[in-house]
Number of protein chains: 2
Amino acid sequence: MIIRIEPDSDIPIYEQLSNQIVEGIARGWIHPGDSLPSVRAFASDLGVNMHTVNKSYHQLEKKGIITIVPKSGAIISSPQDFNESSLARLKEEYKPLVAESLVAGMPHEQILDLVSSIIKDFKKI
Amino acid sequence: MIIRIEPDSDIPIYEQLSNQIVEGIARGWIHPGDSLPSVRAFASDLGVNMHTVNKSYHQLEKKGIITIVPKSGAIISSPQDFNESSLARLKEEYKPLVAESLVAGMPHEQILDLVSSIIKDFKKI
DNA sequence: CATTCTGTTCTACTGTGAATAGAACAAATA
DNA sequence: TATTTGTTCTATTCACAGTAGAACAGAATG
């Protein structure tokens with residue numbers, strides 16, 4: 001799996017990494033049960049600091065996406081491991097984006113089409 | 001229009017303000033052509049610093065949501081004033097959220113239903 | 001068993017952004 | 001004319017991002 005880090009982005013490195021790992025799962029490149037590289041090895045590959053990868057892993061664990069087994073490694077969780085609060089949090093994160101879409105003049109259908117196209121993009125490739 | 005600021009949130013104050021102004025427009029509480037309070041008056045109302053409100057206004061102007069008339073005030077833009085790059089930026093912001101939704105086990109339809117319910121919530125009230 | 005690798009934890013430093021504060025300016029407004 | 005407006009400047013405090021090095025204890029491997 002190919003990860004691209006842009007050091008000069010306004011998005012923190014640990015969040016870029018988290019996002020791309022999640023995208024990798026969504027695209028089916030990696031699956032529940034698979035283990036992620038060690039923080040040291042991953043950091044070495046990406047050319048970033050070990051603590052940055054560690055922060056990313058813990059962010060993903062907080063979201064319920066991976067499980068960190070102490071002294072062992074990080075494993076991608078199964079979908080059924082997600083709790084209700086994660087879905088509530090997701091809704092709160094969609095809100096400002098949907099509001100901005102409406103204010104931009106996008107009609108109801110166009111917003112759904114946009115989201116639908118993103119979903120298809122993830123599932124197709 | 002009622003604005004609620006949570007100083008201890010992990011979301012910056014200027015972004016909380018931006019989000020709630022956009023929501024206000026989406027809900028129809030304020031309309032294109034309406035003018036926003038002066039940065040000083042707004043800051044006084046919210047109990048925050050003038051520069052924080054100023055930053056929020058400039059963020060909204062950058063997104064094409066309001067127009068700042070120098071030495072006069074801030075006015076809410078019309079939907080047709082939005083450019084193509086704003087829509088492209090919106091899509092990029094939807095991506096990680098959609099990916100996370102898929103990873104959480106939400107099927108295609110459920111994601112669209114979630115977004116649809118948010119849209120209805122904005123338009124109903 | 002000994003070595004290596006693992007995630008964890010700690011301190012430490014630099015740089016940047018968020019937020020506040022005060023002051024001053026020129027233009028619009030009342 | 002006096003007030004209000006957004007703008008700009010400096011300055012400070014605080015927190016976060018990122019890097020760095022070190023040490024620890026448990027797991028994996030030879």
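Residues numbered from 1 in each chain as written. Chains lettered and ligands numbered in written order. Predicted model: local features only at pLDDT ≥ 70, side-chain atom pairs only at ≥ 80, totals over all residues. Heavy atoms only, no water.

Focus: the interface of chain A and chain B
Often, the extent of an interface is quoted as the loss of accessible area on bringing the components together. The condition that has to hold: In this analysis, two residues are considered to be in contact whenever any of their non-hydrogen atoms come within 4.5 Å of each other. Buried area: the accessible area, evaluated with a 1.4 Å probe, that two parts lose upon being put together, summed over both parts. The rule for a salt bridge is simple: a side-chain nitrogen of Lys or Arg has to be within 4 Å of a carboxyl oxygen of Asp or Glu.
Contact with chain A, which involves 39 residues of that partner, is made by 39 residues of chain B. Buried area between chain A and chain B, summed over both chains or domains, comes out near 4,000 Å², and the portion from carbon and sulfur atoms is 78%. Inspection of the chain A/chain B interface yields 4 salt bridges. Between arginine 89 of chain B and glutamate 100 of chain A there is a salt bridge whose closest N-O contact spans 3.1 Å.

Quick word on the packing of aromatic side chains
Put simply, the rule is: Pairing of aromatic side chains here covers Phe, Tyr and the six-membered ring of Trp, requires ring centres within 6.5 Å, and sorts the geometry by plane angle: under 30 degrees stacked, over 60 edge-to-face, intermediate tilted. Numbering of helices and strands runs from the N terminus; a helix is a DSSP stretch of H or I covering at least four residues, while a strand is a stretch of E covering at least two. To sort residues, take the accessible area from a 1.4 Å probe on protein chains only and compare it with the maximum for the residue type: under 20% means buried, over 50% means exposed, and anything in between is partly exposed. Criterion for a charge above a ring: Lys NZ or Arg CZ within 6 Å of the ring centre, and within 35 degrees of the ring normal.
Under the criterion given, the structure shown has 1 aromatic pair over all chains. Ring geometry for phenylalanine 42 of chain B against tyrosine 57 of chain B: centres 6.5 Å apart, planes inclined by 55 degrees, an arrangement best described as tilted. Of this pair, phenylalanine 42 of chain B sits in helix H2 (residues 39-46) while tyrosine 57 of chain B sits in helix H3 (residues 50-62), and the two are 15 residues apart along the sequence. Neither phenylalanine 42 of chain B nor tyrosine 57 of chain B differs from the other in exposure class; each is buried. Cation over ring: lysine 55 of chain A sits above tyrosine 14 of chain A, and NZ or CZ is 4.6 Å from the ring centre.

Digging into the nonpolar core
As a reminder, the rule being used: Remark: nonpolar core denotes a set of buried residues (Ala, Val, Leu, Ile, Met, Phe, Trp, Tyr, Cys) joined through side-chain atoms within 4.5 Å.
Ile21, Tyr57 and Tyr94 of chain A together with Ile21, Tyr57 and Tyr94 of chain B are the most contacted members of the largest nonpolar core, which has 76 residues in total. In this view, isoleucine 21 of chain B contacts Met1, Ile30, Leu36, Phe42, Tyr57 and Leu60 of chain B; residues no more than four positions away in its chain are not counted.

Quick notes on the relation of the copies chain A and chain B
In plain terms, the rule: Only residues with pLDDT of at least 70 in both copies count here: their C-alpha atoms drive the least-squares fit that superposes the copies.
The operation relating chain A to chain B is a screw motion whose rotation component is 180 degrees, with 0.0 Å of axial translation and a residual RMSD of 0.1 Å. Taken together, the rotation angle and the small translation identify this as a two-fold axis. Of the C-alpha atoms belonging to chain A, the one lying closest to the rotation axis is found on leucine 112 of chain A, 3.1 Å away. The residues that chain A uses at the interface reappear at the interface of chain B in 100% of cases, marking a shared surface.

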